[in-house]
Amino acid sequence: MKGKIFLILLPSVSIAAETGGHHSPLELFWKGINLLLFLGIVYWFGRGPVSEAFNRFWRSLTERVDASEEELRRAKEELKRAKEELEKAKVRADESIALARESAQAEIEKARKHAEEIAMRIRERAKETIQIELRKAKEELALFGMKKAEEIAREMLSEKFKDPEIHRRYIDRQLKRLEGKEDA
């Protein structure tokens, strides 16, 4: 086949080479034929590799477009999942904050009640301590008063018994009491 094409092209190449610089209609005709034959040969022998090259180019182009579309679809899905996760995280954060506030409020209330209970116990103990100390003070004051009264009474009696008449009457009265004559 290659040999036949060479034989067909040979006369047209030789004719084109023989003519000089001006172009006759026959020359133009043979140039056109040569061009058509050249394009036909290129098409005939090159259609498989060129077709395959174009097909590879087209496949790689469509594969890249398909891969880009798939990547875009995955990116959109990832974005959607990320947005959903963000919303879930916001909800969890809000719930955590609300729970923390409730817990803090409960702890504050618990601590306040505990402090009130302690304060009440301290007040009760203080009242008891005050009552005990007041009772002790009253007892000490009463004891002190009795001692003072006894001292004063002794002083008064000592003073009175210095008078011999009072001293004698006291002795008489005590003797009568001992004898049982006078009621005590």
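Residues numbered from 1 in each chain as written. Predicted model: local features only at pLDDT ≥ 70, side-chain atom pairs only at ≥ 80, totals over all residues. Heavy atoms only, no water.

**Section: the overall build of the protein**
Helix and strand counts for the protein stand at three helices and zero strands. Secondary structure elements of the protein occur, N-terminal to C-terminal, as α-α-α. Classification of the 184 residues of the protein by burial places 3% in the buried group. Surface accessibility of the protein: about 16600 Å² in total, with carbon and sulfur atoms responsible for 63%. (Helix = DSSP H or I, 4+ residues; strand = E, 2+ residues; numbered from the N terminus. Buried < 20%, exposed > 50% of the residue type's maximum accessible area, 1.4 Å probe, protein only. Areas by Shrake-Rupley, 256 points an atom, 1.4 Å probe, with all protein chains shown as cover.)

**Considering the pattern of salt bridges**
Going through the model one piece at a time under the given rule, you end up with 16 salt bridges. Note that Glu116 and Arg112 form a salt bridge whose closest N and O atoms lie 2.4 Å from each other. Here the residue Glu116 and the residue Arg112 both occupy positions in helix α2 (residues 25-161), the gap between them amounting to four residues, near one helical turn. Residue classification places Glu116 among the partly exposed positions, given a relative accessible area of 42%. Take Arg112: its relative accessible area is 38%, and that puts it in the partly exposed class. Its salt-bridge partner being Lys136, residue Glu133 comes within 3.9 Å of it at the nearest N-O pair. Linking Glu133 with Lys136, this pair stays in helix α2, spanning three residues, or about one helical turn. For Glu133, a relative accessible area of 44% puts it in the partly exposed group. Within the structure, one salt-bridge network assembled from shared partners comprises Glu70, Arg73, Arg74 and Glu77. (Salt bridge = Lys/Arg side-chain N within 4 Å of Asp/Glu carboxyl O.)

**Some details on α2**
Of all the bends in α2, the largest measures some 65° and sits at Gly46, one to four residues before the proline Pro49. Taken together, the buried positions of α2 are Glu27, Asn34, Ile41 and Gly46. (Bend = angle between axes of the 7 residues up to and from the residue.)

**Comments concerning the packing of aromatic side chains**
Scanning the entire structure with this criterion turns up one aromatic pair. Seen in terms of ring centroids, Phe29 and Trp30 are 5.6 Å apart; in terms of plane orientation they differ by 70°. Their pairing is edge-to-face. Its guanidinium or amino end placed over the ring of Trp44, Arg47 lies 4.3 Å from that ring's centre, counting from NZ or CZ. (Phe/Tyr/Trp six-rings, centres within 6.5 Å; stacked < 30°, edge-to-face > 60°. Lys NZ or Arg CZ within 6 Å of the ring centre and 35° of its normal.)

**Considering the confidence of the model for the protein**
Overall, the prediction assigns the protein a mean pLDDT of 84, with 86% of residues at 70 or greater. The secondary structure element of the protein with the lowest average pLDDT is helix α1 (residues 2-18), at 50, and the one with the highest is α2, at 89. (pLDDT = per-residue confidence, 0-100.)

**Observations regarding helix α3 (residues 164-179)**
Across its 16 residues, α3 extends 23 Å between first and last C-alpha, which sits within 8% of the 22 Å expected from 1.5 Å per residue. Just downstream of α3, Gly180 is the residue with a positive phi angle, here 85°. (Expected span 1.5 Å × (residues − 1).)

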